[in-house]
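Structural overview for review
Residue strings, one per chain:
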Amino acid sequence: MTKYSGSLLLQKKYKDVEPTLKIKEVDGLELVKKFSEEMESMLRRKVEAVERLVEAAEDADLNHEFNSSLAFDYYNSLLINEKDENDNYVELGDEFILEPNEHFNNLLVNTTYSDVQLPTNVYNKDPGILNGVYMSEALNPIFVDNFQRDPTLTWQYFGSSTGFFRLYPGIKWMPDENGVISFDCRNRGWYIQAATSPKDIIIVVDISGSMKGLLMTIAKHTIITILDTLGENDFVNIIAYNDYVHYVEPCFKGILVQADRDNREHFKQLVDELQAKGVGTVNKAVLESFKILREFREAGQGGLCNQAIMLITDGAVEDYESVFEKYNWPDRKVRVFTYLIGREVTFAQNVKWIACNNKGYYTQISTLADVQENVMEYLHVLSRPMVINHDHDIIWTEAYMDSALFASQAQSLLLMTTVAMPVFSKKNETRSHGILLGVVGSDVPLRELLKLAPRYKLGVHGYAFLNTNNGYILSHPDLRPLYREGKKLKPKPNYNSVDLSEVEWEDQDEILRTAMINGETGYLAMDVKVPVDKGKRVLFLTNDYFFTDISGTPFSLGVVLSRGHGEYILLGNTSVEEGLHDLLQPDLTLANEWIYCITDIDPDHRKLSQLEAMIRFLTGEEPDLECDEDLVQEVLFDAVVTAPMEAYWTALALNMSDKTEQEVETAFLGTRAGLMRSLLYVGSEKLSNRQFLTLGDKESIFTMDHFPLWYRRAAEHPPGSFIYSITSEEGSGNPRLSTTEKEGDGENKRVTHIDPTASRQNGLVSPVESLGTLSLTFLSSLSPFITLSVQTGKFFGEVDGSVMTQLLNMGMFRQVTMYDYQAMCKMPYHHHSGARPLLSPIYTFLAAVKWLITLCLSVPQSSFLTSSLFAIAAHKHKKHDMLQPCDTEYPVFVYETTIKETNGLIECGDCQKMFVAQQIANSNLLLLVTDATCDCSIFPPVLLEAKEVKYILLLSQLKCDRMRSQKLRRRPDTCHAFHPEVQ
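The model shown is predicted, which means the values in this text are computed figures rather than measured ones.

Examining the overall build of the protein chain
For the protein chain, the helix and strand inventory stands at 27 helices and 39 strands. Out of the 983 residues in the protein chain, the part that is buried amounts to 55%. When the accessible surface of the protein chain is totalled, it reaches about 43000 Å², and 50% of it is carbon and sulfur.

Considerations on the UniProt feature "coiled-coil region" (unreviewed entry) in the protein chain
In this structure's numbering, the residues bearing the UniProt feature "coiled-coil region" (unreviewed entry) are residues 32–60. Between the C-alpha atoms that bound residues 32–60 the distance is 42 Å, and the span itself is 100% helix and 0% strand.

Considering the sheet that holds strand β35 (residues 882–895)
Here we have 3 strands laid out as an open sheet, ordered β34-β35-β39, and antiparallel in their pairing. The open sheet has two free edges, formed respectively by β34 (813–827) and β39 (947–948), since each of these has just one partner strand. Where β34 and β35 come together, 13 bridges link them in antiparallel fashion. Within β35, the position partnered with Met824 by the bridge is Pro885. Against the sheet, helix α24 (residues 801–809) makes contact with β34 and β35, and its axis sits at roughly 120° relative to β34, the strand it touches most.

Things to note about a negative patch on the surface
A cluster of acidic residues, Glu25, Asp27, Glu30, Glu37, Glu40 and Asp549, forms a negative patch at the surface. Per element, the largest residue contribution to the negative patch is 3 residues, and it comes from helix α3 (residues 28–62). With a relative accessible area of 32%, Glu40 lands in the partly exposed category.

Overview of the sheet that holds strand β3 (residues 107–110)
The 3 strands lie next to each other as β2-β3-β7, forming an open sheet whose pairing is antiparallel. What marks the edges here is a single partner per strand, and that holds for β2 (99–101) and β7 (170–171). Note that β3 and β7 share 2 bridges and pair antiparallel. Within β7, the position partnered with Asn110 by the bridge is Gly170.

Things to note about the packing of aromatic side chains
Applying the stated rule across the entire model yields 39 aromatic pairs. Taking the centre distance of 6.0 Å and the plane angle of 65° together, the rings of Trp396 and Phe555 count as edge-to-face. Placement of Trp396 in strand β15 (residues 395–396) and of Phe555 in the loop between β23 (537–549) and β24 (556–562) is noted, with a sequence separation of 159 residues between them. For Trp396, a relative accessible area of 7% gives the class buried. Here the aromatic rings of Tyr523 and Phe546 are separated by 5.3 Å at their centres, their planes lie at 35°, and the arrangement is tilted. Pair noted here: Tyr523 is in strand β22 (residues 522–532) and Phe546 is in strand β23, with a separation of 23 residues, a long-range link. Following the ring pairs from residue to residue traces out a cluster consisting of Trp594, Tyr596, Phe668, Phe692, Phe702, Phe707, Trp710 and Tyr711. Positioned over the ring face of Tyr89 is Lys83, at 4.9 Å from the centre of the ring.

Section: the state of the cysteines
Summed over the entire model, instances satisfying the criterion amount to 5 disulfides. Each sulfur of the disulfide joining Cys825 and Cys886 lies 1.9 Å from the other. In this structure, the disulfide formed by Cys825 and Cys886 twists by about 75° around the S-S bond and is classed as right-handed. Taken together, the residues span a long stretch of sequence, with Cys825 in strand β34 and Cys886 in strand β35 at a distance of 61 residues. With respect to burial, Cys825 and Cys886 carry one shared label: buried. Residue pairing for Cys908: its cysteine sulfur links by disulfide to Cys936, the two sulfurs lying 1.5 Å apart. On the sign convention where negative is left-handed, the bridge of Cys908 and Cys936, at about -50° about the S-S bond, is left-handed. Of this pair, Cys908 sits in the loop between β36 (901–907) and β37 (912–919) while Cys936 sits in the loop between β38 (926–931) and β39; the two residues are 28 residues apart in sequence, bridging distant segments of the chain. Each member of the pair, Cys908 as well as Cys936, is classed as buried.

Description of the pattern of salt bridges
Using the criterion set out here, one finds 34 salt bridges in the structure. When the shortest N-O distance is used, the salt bridge between Glu38 and Lys34 registers 3.0 Å. In this pair, Glu38 and Lys34 both sit in helix α3, 4 residues apart, roughly one turn of the helix. For Lys34, a relative accessible area of 37% translates into the label partly exposed. Note that Lys268 and Asp228 form a salt bridge whose closest N and O atoms lie 2.6 Å from each other. Of this pair, Lys268 sits in helix α8 (residues 261–272) while Asp228 sits in the loop between α7 (214–227) and β9 (235–241), and the two are 40 residues apart along the sequence. Each member of the salt-bridge network shares a partner with another, and the members are Arg44, Glu48 and Glu51.

Rules used throughout
Sequence order as written defines the numbering, with residues in each chain counted from 1. Local features are withheld for residues below a pLDDT of 70 in this predicted model, meaning they are given only at 70 or higher, and side-chain atom pairs are given and counted only at 80 or more; totals for whole chains, interfaces and linings count all residues. With hydrogens and water stripped out, all remaining heavy atoms of the structure feed into the side-chain values. A helix here means a DSSP run of H or I that spans at least four residues, while a strand means a run of E at least two residues long, and both kinds are numbered starting from the N terminus. Using a 1.4 Å probe on the protein chains alone, a residue whose accessible area is under 20% of its type maximum counts as buried, one over 50% counts as exposed, and one in between counts as partly exposed. The accessible surface values rely on the Shrake-Rupley method and a 1.4 Å probe; as for residues, cover is taken only from the protein chains in view. UniProt positions are given in the numbering used here, feature names are shortened, and annotations may be inferred rather than shown by experiment. Note: two strands are recorded as paired if DSSP finds a minimum of 2 bridges between them. Any two residues having at least one pair of non-hydrogen atoms within 4.5 Å are treated as being in contact. Here an angle of 0 to 180 degrees is reported between the N-to-C directions of two axes, which are lines fitted to C-alpha atoms, with helices fitted over the stretch in contact. To count toward a patch, a residue needs a relative accessible area above 30% and no salt bridge. Like charges then connect within 9 Å, nonpolar side chains (Val, Leu, Ile, Met, Phe, Trp, Tyr) within 5 Å. Whenever Lys or Arg places a side-chain nitrogen within 4 Å of a carboxyl oxygen from Asp or Glu, that contact is recorded as a salt bridge. Within this scheme the basic residues Lys and Arg register as positive and the acidic residues Asp and Glu register as negative, but His and the chain ends are omitted. Where a charge lies is defined by one atom per residue type: Lys uses NZ, Arg uses CZ, Asp uses CG and Glu uses CD. Here a pair means two rings of Phe, Tyr or Trp (six-membered ring of Trp) with centres within 6.5 Å. Their orientation is stacked below 30 degrees between planes, edge-to-face above 60, and tilted elsewhere. Only lysine NZ and arginine CZ atoms are considered, and such an atom sits over a ring when it is within 6 Å of the ring centre and within 35 degrees of the ring normal. Sulfur atoms of two cysteines make up a disulfide when they are within 2.5 Å.

Printed below as a string of C-alpha cells:
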C-alpha cells in the first residue's frame, strides 16, 4: 500500500515546503459575522427588486381606470403555443418563444416576457381578471430590468387578489393528471404571510343533527381550507358543538397551538371523523372561544396580534348579543367571521349580524365550489389595517420546494425561500376601504446563500446552517427533505418544519437553539456524535458553534468548526507561473460544486468548468471573471506540491506485473482546496465501481455540503495508517463483511477481517498531516483480499451473534445509540386516524402489538431484513402501506482502540467456541479467528436495525403533555390588527 499509494513521497514533498508554510488560526466569530454581512447584502438586493415591482404595480393601478367591457388578449401560460384543428393559435394562446435556460434548472422559459396562470375555477375572461392582467402588464419591463441588474435573481411574480398569477420568466404551465390547474397563488404561504399579520384563530363548527350529509361535507372542507391559510406564525384550535362543547383534540383543551404543518395535518385527520348529531348550542362554544383568546392575550402567548373566531353553521336561532356585549364589546378585540352552510336563509340574518357587529365578515357557502373564494374573504378583512396605513412589510418564508409551480418538468427540486411584499391601491376614493391588490414575490434558492459560506474556510467537518425565527431549519447539511418511494424521490410531508433541535440533537438544553432564535451573536462548544456513511459509522468530535442573526430577515446563521482541523488554515506561497503549469496536468480536477470563480452571472462564462475559469483568470484571458483569490492561491500551492504524484503513479503503472494488475485499480488524492488527482492502474472497463469519484457518487467527491466520506474518515486517524472500506456501486447490495473458510492442522477455523467501525472492506485511505493541519488525503482502491467469501461486507453481528456479543461484553466494542428525527417509517394501514391513540385504550394495545412486527425504513441499515411475520403483514396491507415521518433510534458499534488483542471461550450448550481477535497494525482492520465447528446459534444475532421511537406507547397523559408543549419562538416584528377607519 505504501508503494502504490506513494504516501511517503507525498509526505516528503510537504516536508520539503514546510519552512515556507504559514498556519493561520480561524476566528469563528469574525467568520460568521462576515458571512452574515455578505448574506444580508445579497438578500437586500432581492428586497430592492421586489420594492421596484411593488412601486410599479401600485402606480399602474393608480393610472388605470376599471373598464367592465375591456377586450384584451394576454399570454395564458396554459394555452400558449396551443393550436386548434385548423393549425391556428387558440384564443389567449399565441406563439410564445420558450428556450432552455441553465439558470432556471434548464426549464423552457422566456426571459423577455412574463405570462399569466389562473386556477381552473377562475374564469380567464372575467372583467376583474382582464383589468388586473392589463394593469399588471406594466411589470414586464421591471421584471427584465431586475434580472439584468441582478443576474442571480430567479423567479419573480405578482399574485393578484382576484386569483391570477403573473410569472417571470414566462413558462408553459401543465395541468395535473386530472387536467386541472389547482395552483392558486392566494393559498401560498408567501401570499398569506405578506397579506396579513400573525393571527390566533378558533374555528367553531356546528355538528348538530341538521348538519348531516352534504352540509357536513361542505363544513369540513371549509375548515380544511381555513387551516391551509395558516402558517408557523399563527395559532389555532377547533371546537365542535352540538348538545355539548367538544374540542376535536381533547389534548388541546383550553389552549391554542402553533399552526405548524404537523398540527394542521393532525386537525385535518380529526375533522374528517366528525359526525353530525344532537342539537346545536352555539353560545357555549362561543363563550369557550372568547375565554381561551382572552387568557392567551393576557398571558402574552400566541401571536399577540389578530384574534378571530370562525363560526361555521347552518343557522343561528338568535344573535347572542348578550354574549358579545359581555366578552367582546366595546373594544371588539376579537373579530368574528361567520360562514352560513347550505342554501337555507331562514336564520341568515342572525348569522350576518354576528359578523357585522364584531368587525368580521359574513358569507354563505352553498356548494363545495364556493368554499375557496369565500374563505379567502377573511384575509382581505385582516389585511385592511395594513393597507390603509400603507405599511409595506417585507416577509421571508420558511424553506420550501415549490413542486406545484413547475409541475413535473423540473429535474431537481430546489429548496428556496421567498421574499414578498403586499401591493395596495393608492387611489384616494378607495384608500379608506383598504383594498389589497395582491402580493409581489421573488424566490431565493438557499444554495445561493450557502455559496457565501465556502466549504474550504470551514474545514473537513465544518459547515454552515440557517434557521428561522420559529426554530425551523432553513438550510443544514443534515437536512434530508426527500425520501424514496419506489423509484421516485418525493418531498417528506414535514420537510420544512424540521426543528433545529432535531438536527443538532446533542443540544439537549436547547442553549444553541434559544440563542439563535433570539437573534444573539455568540459561541458555544459541544461534544457531538456525527453520523457518517448513511448512519453506519459515527465520528466523535468537539464542535465550536458560532452564530449571529442576518439583519433585516427572521433568519439566523450558524457556523460550525471542529476542533483540530477546523481551527487552522494552511497558507502556502506559490507563483502563478509555477502553479499554472501543474494545473494543466490531465490528472487534476477541482470540486465541481465549489465556487473558485463566479461563472453563473455572465452567460459567456456559464459553459466554463471551474478549472477552465480559474486558468482563464490566471492567464488574463478573462479579466472580467471574479475569483476567490484565497482559494485560488490554495489550489496553486496544492497543485505544485502534489504534481510529482502523477509521474510516480505513471511509472508504477508502466511497470506493473500481471499479478499486481489484478489487485490495484486506481490511486487518487484530495486536498482541502477541493483539488483531486487520480490515475487508473487498469482500464476503465475493469473497474469494480465505475461510479466512484464521479458526479453520480456524491459521497465520494467534494460537494457544497461536505468533504468526501473517505476524506472525513481518514482525518480522524493517525498519519501513516491505512483506512480500508468497500466502495460498492449504489444498488449493488447491502454492505457485507469479509470472511472465508480455511482448513489446516486438522482443525476447522473461520478467519475474518473486521473493520472495527462496521465498515465496508475494499480500498484504503491514508491521512497525511502537516504542522497540525490536515492538508491532504490519499486513497488507493483495491479488490477484496479475501475473494472466496459470500459474506463480504456483512455486519459481523449478523453473521456471528455469539462472538459479537462476547466482544461487546469484553469491551472490545461498545454500542452507541444514535437518533434520527427525520426518518420515514412504513405504517400499516388502519381505519382510524392518527389521533385515535389518545382516545382509545384498545387502539393503544393494538398499536403496541403492531409495533413489535413493524419494521421501519429509516437510516440506511447494513443488514438484510428477514422477518417472515413482517412479510405476511406487508402482503396483507400492500395496497395501504405508506411511509410517514417518524423518529428512530439505531445502534452504532465503536472499536476500543486500546485493546490490541483478546481471546475467549463461549459456552454454546453442547460445545465451546474458541476465538482469537487481534488488531492489524496501521489499519482499521481486526483479524478474528473462530472455531467453525461449534454451533452457537443459541445466541441471537446482533443487528443494526433502526427502531421507531414509539411515543404512542407512553402513557396517554405523557403524550398529551408532549403535544401541548410549545417550543421557544420569536414573533415577527410587526403587527397590524386594527385601524380607526376600519369598521
